[in-house]
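# Tertiary structure, described
Chain by chain, the residues:
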Amino acid sequence: MTKKIAIIHHGCAKNLVDTELMLGALQQKGYKITLDYMENDVDFVIVNTCSFIYDAEKESVSSIFNMISEGKKVIITGCLPQKHGEELKALIPEAIGFIGTSDVEKIVDLIENFENKNETFLVSKNPICKYPENIDRVQITVGSSSYIKIAEGCNYSCGYCVIPKLRGPYVSRPMESIVKEAKALADKGVSEIILIAQDTSGYGIDLYKKPMLSTLLKELNKIENLSWIRVLYTYPTNFNDELIDAFANLDKVVKYVDIPLQHSHPEILSAMRRPPLDGLAFIKKLKEKIKGVCIRTTLITGYPTETDEHFNHLYNFVKEAKFDRLGVFEFSKEKDTYAYNLKPQIPARVKKSRKNKILKLQKTISNSINKTLVGASISCIVEQIREDGLVVLRSYKDAPDVDGLVYAKTDKVLVPGDIWDVKITDFSDYDLFGEI
């Protein structure tokens, strides 16, 4: 009898691709798959975990114990077993298998090993996450956008980040494999592809001995039945003039620059083990070179050694930079990172207060930017047609899940995935309203 396997996904878009790869490997071997883990005939439940920060771990662990309490055979995959290894196996003996970040294609082996009562702890101590090109992903996201992972791992050593230990060194996919996948997705009706990696701007540096994201974008731009190409998670070091030109001149590359800067003060950037950067000069250059660019960044408040002076520098930086999109995180103290033992650590209440001050400022900035858009027409992708006739869209300025939405009225017949110009008639702090 064919086994049925359910999956629960946690974490980022990069982890989502791993989830879809595991489902693809299972489907290729004839297993039935489902997202409804409460179906009575489910034989195994895979919980693909996130371990980037403590709160993400808590969420993953909650899912694991919920499934165990339901009497499910639970397989724990991804960052949590990679981070905690045999310790996790000892802590959760009820789990019937463990798979690390560089072993996602072994999910079939694990299930077969369980049936044969063989080893089911498949976690490499030194992960090297090479993309399994022989597996066709099974997409579990709904809509006309799809993520493409162009590289895995990371060669940087940012003081707060555990990712290099969880994902290993930077490994780019061959360009022809990425283009082939993008063409296949476009043929299936995907309108927007979203390129992801720990650092997309470093793409190709291992394979081709230099950053090749701009060349990849030129190749992807040639795909006829593709509408949008979006790039997430760029890093300032490799955001060179050639890449800026690609963003500026390739018609399918949306003018959306996602570049997590983390801080503005050179002393904190140094403590973070990140490159020194004149953030304001860089942002000015992007705005001058890329017409209509939308810039998104993320920042960390309360990093160890951050003084009031450092924070005020960051606050004024945000005030002057006027980011279109901004995420702020309180520093999370993670074991096996440089910042774990860095002193002085900042009290939780101070971290939270600083985050809230930045968010309050950004709310004002976002409201002000949105106000200037009233009367303008903005290119948007159709996400959903509601029963009341209202159309839910995303503008080119908005990435899925993390940014705002556009709500529009129309008498036209629209299809999800279509690209339309929406005339903006009203706004809120983070969303827009308009008509087609």
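See the structure above.
Residues numbered from 1 in each chain as written. Predicted model: local features only at pLDDT ≥ 70, side-chain atom pairs only at ≥ 80, totals over all residues. Heavy atoms only, no water.

### Some remarks on the nonpolar core
In this structure, I150, I193, L195, L216 and L217 are the most contacted members of the largest nonpolar core, which totals 53 residues. When residues of this core are assigned to their parent elements, the largest contribution, 6 residues, is made by helix 7 (residues 175-187). Contacts of L216, omitting those with residues within four sequence positions, involve I150, M175, I178, V179, L195 and Y203. Formed by 49 residues, the second largest nonpolar core is a distinct cluster that contains V17, I75, Y131 and I194. (Core = buried A, V, L, I, M, F, W, Y, C linked by side-chain atoms within 4.5 Å. Buried < 20%, exposed > 50% of the residue type's maximum accessible area, 1.4 Å probe, protein only. Helix = DSSP H or I, 4+ residues; strand = E, 2+ residues; numbered from the N terminus. Contact = heavy atoms within 4.5 Å.)

### A closer look at empty space enclosed by the protein
Evaluation of the coordinates by the stated rule reveals 4 cavities of 30 Å³ or more. Here the largest cavity is characterised by a volume of approximately 100 Å³. As for the largest cavity, its lining consists of 14 residues, and the residues nearest its centre are D18, C129, K130, Y131 and P132. Broken down by class, the residue content of the lining of the largest cavity amounts to 5 nonpolar, 2 polar and 7 charged. In this structure, the second largest cavity encloses a volume near 80 Å³. Along the walls of the second largest cavity sit P236, L261, H263, S264, L269, R274, P275, L277, G279 and F317, which together make up its complete lining. (1 Å grid on protein atoms, 1.4 Å probe; cavity = no way out; pocket = protein on both sides within 12 Å on 5 of 7 lines; lining within 4 Å. Points joined across faces, edges and corners; volume = space filled by probe spheres on them. Nonpolar A, V, L, I, M, F, W, Y, C, P; charged D, E, K, R; others polar.)

### Focus on the sheet that holds strand 16 (residues 391-395)
Pairing between the strands of a sheet is mediated by backbone hydrogen bonds and can be parallel or antiparallel. Pairing is mixed in the closed barrel, where 5 strands are placed in the order 15-16-17-19-18. With strand direction ignored, the average angle separating the axes of adjacent strands in the sheet is 50°. Looking at chain direction, strand 17 (residues 406-409) and strand 19 (residues 432-435) are connected through 4 bridges and run parallel. By the bridge assignment for strand 19, K409 is matched with E435. (Pairing = 2+ DSSP bridges. Axes fitted to C-alpha atoms, helices over the stretch in contact; angles between N-to-C directions.)

### Quick look at the sheet that holds strand 13 (residues 294-301)
If you trace the 3 strands from one edge of the open sheet to the other, you get 12-13-14, paired in parallel fashion. Where the open sheet ends on each side, the last strands, each with one partner, are strand 12 (256-258) and strand 14 (325-330). On average, adjacent strands in this sheet sit at an angle of 15° to one another, irrespective of strand direction. Summarising the sheet, strand 12 and strand 13 pair through 3 bridges and their orientation is parallel. Bridge pairing in strand 13 links V257 to I295. Here helix 12 (residues 308-321) sits on the sheet in contact with strand 13 and strand 14, set at roughly 165° to strand 13.

### Let's talk about the packing of helix 11 (residues 279-289) against helix 12
Two elements in contact, helix 11 and helix 12, have axes separated by 10 Å at closest approach and are oriented at 15°. Considering their axes alone, helix 11 and helix 12 lie roughly parallel with respect to each other. The handedness of the crossing between helix 11 and helix 12 comes out as right-handed. Each of G279, L280, I283 and K287 in helix 11 lies in contact with helix 12, whose residues at this interface are F317, E320 and A321. Among the residues making up the contact of helix 11 with helix 12, the classes are represented as 4 nonpolar, 1 polar and 2 charged. (Parallel < 35°, antiparallel > 145°, perpendicular 65-115°, else oblique. Left-handed = near helix turned anticlockwise from the far one by under 90°.)

### Let's talk about the pairing of strand 14
Pairing of strand 13 with strand 14, which is carried by 6 bridges, proceeds in the parallel orientation. Bridged to T301 within strand 14 is E330. On the question of chirality, the crossover connecting strand 13 to the parallel strand 14 by way of helix 12 is right-handed. (Right-handed = clockwise from strand over helix to strand, strands pointing away.)

Function cannot be inferred from these measures alone, as they are strictly geometric.
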